[in-house]
Structures are given as structure tokens and as C-alpha cells.
Amino acid sequence: MAHERNALTDDELVSDFVRGDELAFEELVLRYKNSLYQYILVMTGDEGSAGDLFQEVFLSVYKNASKYQAQGKFKAWLFRLARNRVLNYFRDRDPLFSLDQTDEEGKEPLHEILPSGEELPLETLERAELAQDIRRAAEALPPKQREIIYLRQYMSFKEIAEALNLPLGTVLVTGHRAIKKLQHILLKNREVVYETVR
């Protein structure tokens, strides 16, 4: 039975849950727990708050599943709920908060990267160093750009636009600018390392 749930679409799982199948809801949580939690953690930079907000998001899904309109856009709906919770979290702390503000301290990690497969120790070290460099560079991005870069790991640009309730063109331009800025930061950091080694 669990194997059959794995094969169901998100919309089918929501529909099953609305009809009383609690295990369908559990499958949705399992399906999105890592990516959603990491997204919230990236945006808040605080593990405790991320855990609380993660639970609030799925509690909202639990209570409002019957309001979801099945159109194959569950992931976008879920991440929109999460984004709204994160915005409320910051507004509660600072009424003047906006995602347009830049984070001067750069505390948020981009995401946790776990090595997959067997690698030689040197390759593992190089990959870990590169991941750390990318995380540091992403911390320098404005929050909107950092958000799109993170979401792009799990969603298409079209899904990101739906989740953030933004025009696709805006998401594409913001994503392109974020990538260019990341490239610039990474190149600049390499030049600094090269200069100090010489």
C-alpha cells in the first residue's frame, strides 16, 4: 500500500486525504519534508524557528486541504504557504521587514549538501569546499535572489513564479541576476585566495 502511495501524484494524495486517508497526508509530508524545511531554514537562519514554521505550514495544509484546487500545482501552493509563514515570522519581529532588505550579517546557510555515492577523499574534500564557497557566496545575495536560487534546486522557474506569486519574467530575471552575482562573487573570492597563496 505504501508503495502505491509513492506512485500517486500530489493532487491524488490531497484528494485521498480529503476523503479521510490520513496516510496520504503522511506521504505528502514525507515527500516534501526535506526541501520545505531547508527552504524555511534558509529564509529564517534559525533551526528552532524553521521547525516551528514547518509544523505550522503542514498544519495549515491539514486544515485547508479541502480548499486546495487540484491543478497539478501542489508544490507551488505548499511553498507559497511556507513563504507567507516566513514573511509573517519576520513581520512579527520587525514591522518594516521586506525581502528586499539585504542581510548584512549573512547568517543563513544556502542548504546542507550531503555527499552522494562513493568518492575519493580528495574529491569529497574539493566538493565540500566548493559547496561551502557557494553557501558563503549565496549569503551575500539579497534575500529575494537567495530565495530563488534555493528554490531552483527543487522547482522549475514556472513553479517558483507560482509559489512566490510573481510573473515568470520577474523570476527569470531575478534568477539570472542571482546567478551572475554568484559567479562574480565566486570569481572574486578565487582571486583573493590566489593572491594570498602567491
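Heads up: the structure comes first, above all this text.
The structure displayed is predicted, hence computed values, not measured ones.

Section: the overall build of the protein
So, point 1. Looking only at helices and strands, one finds nine helices and zero strands in the protein.
So, point 2. Within the protein, the fraction of its 198 residues that count as buried is 39%.
So, point 3. Of the roughly 12,300 Å² of accessible surface on the protein, 53% is carried by carbon and sulfur atoms.

Notes on the nonpolar core
Proteins that are soluble and globular tend to have nonpolar side chains buried together.
So, point 1. Ranked by size, the top nonpolar core spans 40 residues in total, and within it Leu-36, Tyr-39, Ile-40 and Phe-74 carry the most contacts.
So, point 2. Of all the elements in the fold, those that place two or more residues in this core are helix H2 (10–18), helix H3 (22–44), helix H4 (47–64), helix H5 (74–93), helix H7 (143–151) and helix H8 (157–164).
So, point 3. Phe-74 has contacts with Asp-10, Asp-11, Val-14, Leu-28, Tyr-32, Val-61 and Tyr-68, leaving out every residue within four places of it along the chain.
So, point 4. Among the nonpolar cores identified, the runner-up in size contains seven residues, and Ala-137, Leu-141, Ile-149 and Ile-185 belong to it.

Examining H7
In an α-helix, one turn spans 3.6 residues; hence positions three or four apart end up facing the same way.
So, point 1. Here H7 lies mainly inside the structure; eight of its nine residues are buried.
So, point 2. For H7, every residue scored as buried is listed here: Pro-143, Gln-145, Arg-146, Glu-147, Ile-148, Ile-149, Tyr-150 and Leu-151.

Topic: the environment of Arg-190
So, point 1. Relative to the helices and strands, Arg-190 resides in helix H9 (residues 168–197).
So, point 2. The class of Arg-190 is exposed, set by a relative accessible area of 57%.
So, point 3. The sequence separation of Arg-190 and Asp-133 amounts to 57 residues, and the corresponding C-alpha distance is 9.5 Å.

Brief notes about the packing of aromatic side chains
So, point 1. What the rule picks out here adds up to 14 aromatic pairs.
So, point 2. When the ring of Tyr-150 is compared with that of Tyr-154, the centres are 5.3 Å apart and the planes differ by 55°; the resulting orientation is tilted.
So, point 3. For Tyr-154, a relative accessible area of 32% puts it in the partly exposed group.
So, point 4. Following the ring pairs from residue to residue traces out a cluster consisting of Phe-17, Phe-25, Tyr-37, Phe-54, Phe-58 and Tyr-62.

Focus on the pattern of salt bridges
So, point 1. In total, this model carries seven salt bridges according to the counting rule given.
So, point 2. One salt bridge connects Glu-159 with Lys-75, and the closest N-O pair in it is separated by 3.6 Å. Here Glu-159, found in helix H8, pairs with Lys-75, found in helix H5; they are 84 residues apart in sequence, far enough to count as distant.
So, point 3. Here Glu-159 falls in the partly exposed class, since its relative accessible area comes to 24%.
So, point 4. Here Glu-147 ties to Arg-83 by a salt bridge, and the two come within 3.0 Å at their closest N and O atoms.

Side note on unusual backbone geometry
So, point 1. Here the phi dihedral of Asn-165 falls at roughly 55°; this positive angle occurs in a residue that is not glycine.
So, point 2. By secondary structure assignment, the location of Asn-165 is in the loop between H8 and H9.

Observations concerning H4
So, point 1. The terminal C-alpha atoms of H4 lie 25 Å apart, and with 18 residues this matches the ideal 26 Å at 1.5 Å per residue to within 8%.
So, point 2. Turning to H4, its buried residues number three or more, namely Ser-49, Ala-50, Leu-53, Phe-54, Val-57, Phe-58, Ser-60 and Val-61. Along the axis of H4, the buried positions cluster into a sector of 160°, meaning they face one direction only. With respect to the buried face of H4, the exposed residues turned more than 90 degrees away are Gln-55 and Lys-63.
So, point 3. Residues of H4 that are buried in the fold lie against H3 and H5.

Cut-offs applied
- Residues numbered from 1 in each chain as written.
- Predicted model: local features only at pLDDT ≥ 70, side-chain atom pairs only at ≥ 80, totals over all residues.
- Heavy atoms only, no water.
- Helix = DSSP H or I, 4+ residues; strand = E, 2+ residues; numbered from the N terminus.
- Buried < 20%, exposed > 50% of the residue type's maximum accessible area, 1.4 Å probe, protein only.
- Areas by Shrake-Rupley, 256 points an atom, 1.4 Å probe, with all protein chains shown as cover.
- Core = buried A, V, L, I, M, F, W, Y, C linked by side-chain atoms within 4.5 Å.
- Contact = heavy atoms within 4.5 Å.
- Phe/Tyr/Trp six-rings, centres within 6.5 Å; stacked < 30°, edge-to-face > 60°.
- Salt bridge = Lys/Arg side-chain N within 4 Å of Asp/Glu carboxyl O.
- Expected span 1.5 Å × (residues − 1).
- Arc of directions from axis to C-beta.

Shape is all these values report; function is a separate question.
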